[in-house]
Structures are given as structure tokens and as C-alpha cells.
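Spelled out from the first residue to the last, the chains are:
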Amino acid sequence: MTKQSLIDLPTEIIYSIFQYLHKEHVIYSFFELTNDFSFIVEYFLRRKFQLIKTNDNTIFQYCLYKIIPIIGFNLSHLSIGHPYRLSTYIQSIKTYCPYLKVLNIHCYSKEDDIRLYIAEFLHYQLISLILIFNNQIIGEHISHRLLNKSGEEQFQKFSIPSSSLVLNLSSMNDLSLLKQYSQSSYLPDGFYMIECLSTEGWLIDSKDDLCVMSNKLLRESIFLIKQSFLEYEFFTQHTRCPWTVLKCYESEEHWIPSSILSTRRKQSNQLCKRFTLEKIDNYNLFYIRPCYSRAKRLQVLGKRIVVSLGENDKTVNHRFKFHRVA
């Protein structure tokens, strides 16, 4: 009786065997067996490859650094991510997968800020963005706002060439961060003077803390602004003290004093030192909002800047103009 090996089996039977195996295992076991098997495996993938939840690091590394460079140009659908960090695989995708239609990322936000994925994957040619949590589509209004942002300056680079992006979130906190990200606008890092439109005065760091004055005091009216994932920190130029407000979730009559914008507070877990900027027009006019849940925008109240006292915050008291000086 003639002996036969796996290599001698009809292609249809080989494909039937493959159906019972994970694709990454098929690749690792058979791709380099013979030239014919390389062709059979590539055809079996049918331009789609899932490389998620692969706990065997040897197989993952083999697929990422050996196989993706070979088959990546033919892939139209790629799933990748958890339990591996974004930095592990992003360069391979950028280099070897230029014709993806769908990029499905299982985010590892325990290690990577979820906004890093948007910063890397959002681009001006993206058509569809889907957010998924526990196998359910969520945050469609947030996806829509993020897609609208893709035309802004910082997303003009063609980063990850896919027309559809699916982000599988690992927690609902990821969605909260993406909501803040979607609402904030881009402002380059640098030194700025900030004009309060309602009073035509300037924000000053005086001996009585931050206040609004009509005269420009050159050193005291210049603030350093630093951006990270469209959240901003403000520092006085001469003292490098940060702007802060106290997080507060109580009713309005109890929280007016703590809502005052300050640079004099001691370190505390209740301090909020990050803000989002909501652009009003093309003249560097912005609303400023603290980065904590349900926070209202900043507004001018007398000579002070406070977190808004009410819901009607679309008034001139809430508008600030940023003048870049360096």
C-alpha cells in the first residue's frame, strides 16, 4: 500500500482541515511547509486575517514579523490588538498593509490611553468609525463627532490606510475619554495671552490670583499651554504654577468658591488641572471646560474666572480669545 503524506492530499481536504484550526495556527504550522502550501494558506485567508487573543507570543511574533510583510499588501481586513500594546504592531501595519478596507482593533487601554488609538488611526479619508463594548455598538454620536474631526489639521496625515475602523473598547471609561476628545479642539503648544471677550480685558496672574484686568502686564499675562490628547494644561509663565479648579458634583449654592480658577491651591485628589478647548470660529475663539464629569465651561464673573453657574453657557462671558506670542 502506497504511503501518502499531508502534502499529497487534495486541496479541498486540506481546506476542510484548516476550517477546524485558528488561522494563526494554520499560518504558523503550514505556511512555509512547501511553496504549494504557502499558496494554499494565503488563498485560505481570503484577504482576511485575525490576530487577536493570541496568547502564544512565539506565534504572534512569527505572524507579525514574518507573515504580515508577505501577505499584508493583499489584506483587506485585519483584526489585531489585545493582549498586545499598540506600539508592538502599529509599524508593521503602516508599512505592510496599505490597502486595508477594515481595521479591527481590540484596544489594550489598560496599558495604552484609548485616545492614542484615535490619534494614530483617525485620518481624513476614513469613512466609518465603529465603537464596540461587550459586542455591542455604542457611542454612535461620539463616532460621528470624531469622524467630523478627521478633517482638522492634526489628522491630515495619512496614518493607517483603512476606510473603516472598528475599536473594541475595554471599559466604559474609554468611552468617556473619547467623548472629551471628540469635543475638544486643537491648539498648538506655546505661550499665549488670553483675552476675555465680555470685558475686553486680559487674564492676569496677579498677587490676588487669576483675575481679569484691562491692562496687559507682559509677564503676568502670558501663559504656557501644553496639549496631550486634546486635553490642555495651563501654566503661568513666570511661576509655572498650573491652573486648577476643584472637582465638584454638589448643587450650585455650595460650590461657587471652589469653582474659581486658581494657581494657588495645594495638591489634592480633588483638583482638576486639565481642560478641553471647544473652538467657536476660525479666530482662535474658544470655550474652556474642565476635564471632569459633568463640568460646565469657564466664564467671567466680575474679575474672576469660574466654572459656569448655569446651563446657559453660550454667551460672550464664556468666550476666550487666544493670542499666541511664542
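Note that the structure is a prediction, hence the values are computed from the model and not measured.

Rules used in this analysis
- Residues numbered from 1 in each chain as written.
- Predicted model: local features only at pLDDT ≥ 70, side-chain atom pairs only at ≥ 80, totals over all residues.
- Heavy atoms only, no water.
- Pairing = 2+ DSSP bridges.
- Helix = DSSP H or I, 4+ residues; strand = E, 2+ residues; numbered from the N terminus.
- Axes fitted to C-alpha atoms, helices over the stretch in contact; angles between N-to-C directions.
- Buried < 20%, exposed > 50% of the residue type's maximum accessible area, 1.4 Å probe, protein only.
- Salt bridge = Lys/Arg side-chain N within 4 Å of Asp/Glu carboxyl O.
- Contact = heavy atoms within 4.5 Å.

A.B. asks: A description of the sheet that holds strand β3 (residues 100-106) should follow, citing residues and the corresponding values.
C.D. replies: With mixed pairing, six strands are arranged side by side in an open sheet as β1-β2-β3-β6-β4-β5. The sheet is open, and its two borders are formed by β1 (48-51) and β5 (136-138), each paired with just one other strand. The mean inter-strand angle of the sheet, taken between neighbouring strand axes irrespective of direction, is 25 degrees. Bridging between strand β4 (residues 128-133) and β5 involves three bridges; their strand directions are antiparallel. Bridge pairing links F133 to Q136 in β5.

A.B. asks: Which residues make up the pairing of strand β15 (residues 285-290), and what are the values?
C.D. replies: Look at any regular strand and the pattern is simple: side chains alternate between the two faces of the sheet. For β15, a buried count of six out of six residues is recorded, marking the element as mostly surrounded by other parts of the structure. Residues L285, Y287 and R289 point to one face of β15 and F286, I288 and P290 to the other, with burial holding for every one of them. One ladder, built from five bridges, connects strand β14 (residues 275-279) with β15; its direction is antiparallel. Across the sheet, L277 pairs through a bridge with I288, a residue of β15. Across two bridges, the pairing between β15 and strand β18 (residues 320-324) is antiparallel.

A.B. asks: Account for the environment of F39, naming residues and giving values.
C.D. replies: Tracing the sequence through the fold places F39 in helix α3 (residues 35-45). When the C-alpha positions of F39 and Y124 are compared, they lie 35 Å apart, and in sequence the two are 85 residues distant.

A.B. asks: Describe the pattern of salt bridges, and please don't skip the residues or the numbers.
C.D. replies: One pass over the full model with this rule turns up 10 salt bridges. Across the pair E231 and R115 runs a salt bridge whose closest N-O atoms are separated by 2.6 Å. You can see E231 sitting in strand β11 (residues 231-236) and its partner R115 sitting in helix α6 (residues 114-121), a full 116 residues away along the chain. Residue class for E231 comes out buried when judged on its relative accessible area of 6%. Of the residues examined, R115 reaches a relative accessible area of 7% and is grouped as buried. A salt bridge links R274 to E231; the shortest N-O distance between them is 3.8 Å. Residue R274 is located in the loop between β13 (271-272) and β14, and its partner E231 is located in strand β11; the two are separated by 43 residues in the primary sequence. By relative accessible area, R274 is classed as partly exposed at 30%.

A.B. asks: A description of the side chain of S79 should follow, citing residues and the corresponding values.
C.D. replies: Inspection of the secondary structure puts S79 in strand β2 (residues 77-81). Since its relative accessible area comes to 1%, S79 is described here as buried. With residues up to four places along the chain from it excluded, the contact list for S79 reads F49, Q50, L51, I52 and N104.

A.B. asks: Lay out unusual backbone geometry in plain terms, naming residues and giving numbers.
C.D. replies: A cis amide bond links H82 to the next residue, P83, at an omega of 10 degrees. With respect to the helices and strands, P83 occurs in the loop between β2 and α5 (86-96). Within the chain, R46 stands out as a residue other than glycine whose phi angle is a positive 55 degrees. Along the polypeptide, R46 turns up in the loop between α3 and β1. Although it is not a glycine, N284 sits at a positive phi angle of roughly 60 degrees.

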